[in-house]
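Structural features, examined
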Amino acid sequence: MSTLDLTAHPTIKRLLRSRWPQLILQLIALAGFLVALLASWLGTPIGNHNFAIVVVWIAWWALLMLLLVPALGRGWCSVCPLPLAGEWLQRGSLLGPRLDVSGRPRPPLGLGRRWPARLRNIWLQNGTFLLLALFSAVVLTQPSATGLVLTVIILVAVIVSLVFERRAFCRYLCPVGGFIGLYAQAAPLEVRVTDPAICTAHTDKSCYVGSAEGYGCPWDLFPGSLTKNTYCGTCMECLRTCPYDNVAVRLRAPGSDLLNPSGRRLDEAYKAFIMLGGAIAYSAVMLGPWGGLKTAAFEIGSLPWLAYVGGLLAFVLLVLPGSFLLAVVLGRRLARPAPPLMKTFVSLAYAFVPLGLAAWIAFSLSFVLTNLSYLWPVVSDPMGWGWNLLGTAALNWHPYLTSFVPPLQALVLAGGLGWTAVTARRIAEQLGGGLRLAWPTLLVALASTVGVLWLLLG
Amino acid sequence: MKAHSLALLLLGVALGLPLTLLAARGLQSRSGVVEVHARVAETGGWTPETLSAVAGKPLRLRLISDDVVHGFAIGQGQAAPLDVEPGRPVETTLTFSRPGRYVFFCTRWCGPNHWRMRGTIEVSGPEVSPEPASAPLYLTLGLDLDAPHPADLPPAERPSASRGAQVSQSMPATVLPSGNLRSESPAQVWRRLREAPETAAMTDQELWDLVAYTWRSATTTEALVEGRALYASNCAACHGEGGAGDGVMAPSMPAPAGMEIGHAAGSPANFRDSQRMLGASSAILQGKILRGGMGTGMPYWGPIFTEAQTWALVDYLWSRSMDYEEVR
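Residues numbered from 1 in each chain as written. Chains lettered and ligands numbered in written order. Predicted model: local features only at pLDDT ≥ 70, side-chain atom pairs only at ≥ 80, totals over all residues. Heavy atoms only, no water.

Brief notes about the overall build of chain B
The line we're drawing: Put simply, DSSP H or I for four residues or longer makes a helix, DSSP E for two residues or longer makes a strand, and each gets a number counted from the N terminus. Residue exposure (1.4 Å probe, protein chains only): buried if accessible area is under 20% of the type maximum, exposed if over 50%, otherwise partly exposed. The criterion used for residue contact is that any of the two residues' heavy atoms lie within 4.5 Å. Per-residue and other accessible areas were derived by the Shrake-Rupley procedure at a 1.4 Å probe size, with only the shown protein chains allowed to occlude residues. Only four residue types enter the charge count: Lys and Arg as positive, Asp and Glu as negative, with His and the chain ends excluded. The location of each charge is read from NZ of Lys, CZ of Arg, CG of Asp or CD of Glu.
Within chain B, the regular secondary structure consists of ten helices and nine strands. Each principal axis of the C-alpha distribution contributes one length, and for chain B these read about 115 × 45 × 35 Å. Each of the 328 residues in chain B was classed as buried or not, and the buried ones make up 47%. The long-range share in chain B, meaning contacts at least 24 apart out of those at least 6 apart in sequence, stands at 69%. Approximately 15,800 Å² of chain B is accessible, and the part contributed by carbon and sulfur atoms is 56%. Each charge sign in chain B was given a centre, from 27 positive and 32 negative side chains, and these centres are 9 Å apart.

Here it is as structure tokens:
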């Protein structure tokens, strides 16, 4: 599949290599984050009039799930304000590396420990996402709960940065980073080396250890062997540090990584089910007609909430992966010779990435367009203190494009199912099983799609 | 080095801009406007509950709802009610001409304990001669508001003021009840009429209709309309739109502590119950409204309603157990 090298264009390359555009975007995000943090703690407790709730869970979420992740993959991670404080402390600089008298980069501040080997996976991120999901009904609606979550996240991010090297928090702990990485595999953008042979021969490995031009890969990757987007934060450090101009940012066919058989792992496979199951569960709780379910999700600590927690965890960790496992077992019986069970399970799970992304987009469409008009009053009165900075404080709530949303959701889900079907068949072919191996998996995908459609449109 | 300085400057701007919100908040808090937060009574009611003002000087308030729609008003008709919508602070300025203790209260049914959302404004100022205040009628009469007072012989059907008007045409004027009837119950007046020789030929129901006509004649259409509005906004949630004690809040009312008058067990008074209502006097109803139900969940309205409003409400309550055509 052909790609388009964006960095072949000098202006784009200069913009990407320069630290200033990135820094300015980071500072804008940081300022917004601080306003959100202040609003969450000091502003009105009315969620739809509080900057933290409206900007974080409606505006930012819409930007992330409807635009950034589908188009840029981990693009958000390159400007995310959460790791900035820790990273700047670690580096002792807002821009390029600090140099010693001999012109070499100074060692990073902090303990600089390696992240424990047995935790170098995304199981912890699966856990942090699920932990947040259990409290999401409250976190998404109550400013103080959002404030608590943001405060804990930023404190943990700073502490982890000062104890461990690079962006250990982003890579192994961030509840958002985990699923952005998963879905970045479907993105039409990638950072890759142009000629791996140059990297192999390059003894300094400045892209990994850093140089006077930039930092060693903050995501603890060796760009020379980078074949998937999952853990590349698109920070552009390798573009800055490569002395051979061997790193490119390229447009490509969306979803290329999903068909790459190398590096498929159980933690990522499970992430695909956690995310798909999460989209289904969120749709049921937040958009479904079951008042009892909503109440249970809100009453943290109560018996109904414990039942909700049990149900949610059972669904995303057992029912959905279990259904898929049955489909894999059935597929293996139909396909001869059958590939190994675990390899089939892990590999075919990647086919659910497009469907999961489509489910989240469809779910997000339902509330983002309905609630986006809350944004105009909160930018004028971010704390709900009765201000009217931009003259928009009195604008009333108004849902946008209500008749347009259901067909768009159906289209997105149909597209996601089709993409999943094509991906599943290609993966099954890679495994030597062909369509016989794939079709039970397609039934699970179809059932999931029908379920999401019913919850969103039924 | 210049680049690093510029980056630091930009960082300062990024951190400083949000912090200016706090500075602006500080200025706002020193603007002389008092912020009053409203939450449903179960989570705190008004904060602060007590405000201070000086007679003749404006008291500027910023009213902020932290949960649902509330209303704000000052008792005794001192200020028109305001709606306080969540997330939309409203400002108002009050000026009290006389020192004293004023009650502010919520005017929107915000929750089961809505009526507990009350606060006080202590208005200081030079001593002035107090306005002469008359004691409520039930105190003057020494009535026991909690004593049972059922009507001995309630009417077979709802007494009608319009039928009573026709009956009154054939009655000598001297027989018709007259004067201030607020201390008497309809049942007492009916008993007096029953015992009068001039009414011997009349049926019991005709006499009840005559009582209804008498009660209706003692008030005005304007008072009934005002009473109906007061009832709708303050009473209907518990006592029901029609007065049958079946308001939306009734199921959440506490069980009464041995109260008899007008109360079925565990429910607000049923104003359509002839036996219970027609044995009460206007003075008792006024007392109930002013003092409250003392443990039944019935709020006290003394600091809220003016005397005229209280009597208008009492007059309207009679229209629930007697048929006044204008306010069905």
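Some remarks on the interface of chain A and chain B
Short version of the rule: Throughout, the accessible surface (probe 1.4 Å) given up by two parts as they are put together, summed over both, is called the buried area. We call two N or O atoms a polar contact when they sit within 3.5 Å, provided that within protein one can donate a hydrogen and the other can accept it, with sequence-adjacent residues counted only if both atoms are side-chain atoms.
Opposite the 29 residues of chain A that make contact, chain B presents 24 residues. Of the roughly 2,100 Å² buried at the junction of chain A and chain B (both faces included), carbon and sulfur atoms supply 75%. At the junction of chain A with chain B, the criterion picks out five residue pairs in polar contact (both at pLDDT 80 or more).

Notes on the packing of helix α5 (residues 123-134) of chain A against helix α13 (residues 266-287) of chain A
Residue and element names in this part refer to chain A. Short version of the rule: Lines fitted to C-alpha atoms define the axes, with helix axes restricted to the stretch in contact, and inter-axis angles between N-to-C directions lie between 0 and 180 degrees. The scheme is simple: roughly parallel for angles under 35 degrees, roughly antiparallel for over 145, roughly perpendicular for 65 to 115, oblique for anything else. Any residue outside Ala, Val, Leu, Ile, Met, Phe, Trp, Tyr, Cys, Pro, Asp, Glu, Lys and Arg is labelled polar, Gly included; the first ten of those are nonpolar and the last four are charged.
Axis separation between α5 and α13 bottoms out at 9 Å; the angle between their running directions is 10°. Relative to α13, the element α5 is oriented roughly parallel. Between α5 and α13, the contacting residues are W123, Q125, N126, F129, L130 and A133 on the first element and L266, D267, Y270, K271, I274, M275 and Y282 on the second. Counted by class, the contact of α5 with α13 contains nine nonpolar, two polar and two charged residues.

So, helix α15 (residues 303-334) of chain A
Residues and elements named next belong to chain A. Stated precisely, the cut-off is as follows: Expected helix span is taken as 1.5 Å per residue step, with the number of steps being one fewer than the number of residues. The quantity called bend is, for any residue, the angle between two axes fitted respectively to the seven residues ending at it and the seven beginning at it.
For α15, built from 32 residues, the straight-helix expectation of 46 Å at 1.5 Å per residue is met to within 8% by its first-to-last C-alpha distance of 44 Å. In α15, a bend of some 45° at F315 exceeds every other bend along the element. Among the residues of α15, those classed as buried are W305, Y308, V309, L312, V316, L320, P321, F324, A327, V328 and G331.

What about the packing of helix α3 (residues 161-169) of chain B against helix α5 (residues 204-217) of chain B?
Residues and elements named next belong to chain B. In the contact formed by α3 and α5, the axes pass within 7 Å of each other and the chain directions differ by 105°. In terms of their interaxial angle, α3 and α5 are classed as roughly perpendicular. Contacts between α3 and α5 involve A161, R163, G164, A165, V167 and S168 from the former and Q205, E206, D209, L210, A212, Y213 and R216 from the latter. Each residue belonging to the contact of α3 with α5 can be placed in one class, and the counts come to six nonpolar, three polar and four charged.

Description of the sheet that holds strand β2 (residues 189-193) of chain A
Across a sheet, paired strands are connected by hydrogen bonds in the backbone, their directions being either parallel or antiparallel. Residue and element names in this part refer to chain A. Just so we agree on the cut-off: Any two strands with at least two DSSP bridges between them are considered paired.
Read from one edge of the open sheet, three strands run β1-β5-β2, paired in antiparallel fashion. Strands at the two margins of the open sheet, each flanked by one partner only, are β1 (4-5) and β2. One ladder, built from five bridges, connects β2 with strand β5 (residues 247-251); its direction is antiparallel. Bridging from a neighbouring strand, R192 pairs with A248 of β5.

Some remarks on the confidence of the model for chain B
All names here are of chain B. The test is simple: Per-residue confidence from the prediction method is given by pLDDT, with values spanning 0 to 100.
Here chain B averages 87 in pLDDT, while 93% of its residues score no lower than 70. Overall, residues 258-265 carries pLDDT values under 50, and its contacts beyond four positions in sequence, including any with other chains, amount to 25 contacts. For this predicted complex, the interface score ipTM comes out at 0.85, while the overall pTM is 0.82.

Structural notes on the packing of aromatic side chains
Residue and element names in this part refer to chain A. Let me state the cut-off plainly: Here a pair means two rings of Phe, Tyr or Trp (six-membered ring of Trp) with centres within 6.5 Å. Their orientation is stacked below 30 degrees between planes, edge-to-face above 60, and tilted elsewhere.
Within this structure, the stated rule accounts for 32 aromatic pairs over all chains. Judged by centre distance (6.4 Å) and plane angle (80°), the ring pair of F129 and W360 falls under edge-to-face. Here the residue F129 occupies a position in helix α5, and W360 occupies one in helix α17 (residues 352-371), the gap between them amounting to 231 residues. Each member of the pair, F129 as well as W360, carries the same accessibility label: buried. Plain terms: the ring middles of F324 and F345 are 5.0 Å apart, the flat faces sit at 55° to each other, and that makes the pair tilted. Note that F324 is positioned in helix α15 and F345 in helix α16 (residues 341-349), a separation of 21 residues in sequence.

As for the pattern of salt bridges
Put simply, the test is: Salt bridge, as used here: a side-chain nitrogen of Lys or Arg that lies within 4 Å of a carboxyl oxygen of Asp or Glu.
Counting across every chain of the model gives 32 salt bridges over all chains. Among the salt bridges present, the one from A:D267 reaches A:R265, with a minimum N-O distance of 2.6 Å. Of the residues examined, A:D267 reaches a relative accessible area of 3% and is grouped as buried. Between B:E184 and B:R192 there is a salt bridge whose closest N-O contact spans 2.4 Å. Beyond isolated ion pairs, a larger network of salt bridges with shared partners links A:R19, A:E87, A:R91, A:R167, A:E237 and A:R240.

Topic: the nonpolar core
Note that soluble globular proteins tend to have their nonpolar side chains buried in a common cluster. Residues and elements named next belong to chain A. Inclusion rule: Buried residues of nine kinds, namely Ala, Val, Leu, Ile, Met, Phe, Trp, Tyr and Cys, make up a nonpolar core once their side-chain atoms join them within 4.5 Å.
In this structure, L64, W76, F179, Y183, F352 and W360 are the most contacted members of the largest nonpolar core, which totals 140 residues. Ranked by the residues each element gives to this core, the list is headed by helix α3 (residues 51-72), at 16 residues. W76 has contacts with A29, W60, L64, L68, P81 and I180, leaving out every residue within four places of it along the chain.

Some details on the side chain of A:S40
Residue and element names in this part refer to chain A. With respect to the element layout, S40 can be found in helix α2 (residues 19-42). There is a polar contact of 2.6 Å between the side chain of S40 and the backbone oxygen of L37. Here S40 is in contact with N50, A52, P143, S144 and G147, once residues within four sequence places are set aside.

Examining the domain arrangement of chain B
All names here are of chain B. Note the following rule: Domain borders in the structure are assigned automatically or taken from a domain database.
Under the domain assignment, chain B is made up of domain 1 (32-124) and domain 2 (137-321). With centres defined by C-alpha atoms, the gap from domain 1 to domain 2 works out at 32 Å. At the boundary of domain 1 with domain 2, total buried surface from both sides reaches about 1,200 Å², with 63% on carbon and sulfur atoms. Together, Q76, W109 and R118 form the three largest contributors to the area buried by domain 1 at its contact with domain 2, with a combined 55%. Taken together, domain 1 and domain 2 are joined by zero salt bridges. Here domain 1 and domain 2 share five residue pairs in polar contact (both at pLDDT 80 or more) between them.

Re the sheet that holds strand β7 (residues 90-95) of chain B
All names here are of chain B. Strand order across the open sheet formed by four strands is β2-β1-β4-β7, with mixed pairing between neighbours. Both outer strands of the open sheet, β2 (46-47) and β7, are each paired with one neighbouring strand and no more. The pairing of strand β1 (residues 34-38) with strand β4 (residues 58-65) spans five bridges and is classified as parallel. Looking across to β4, one finds that V36 is bridged to L63.

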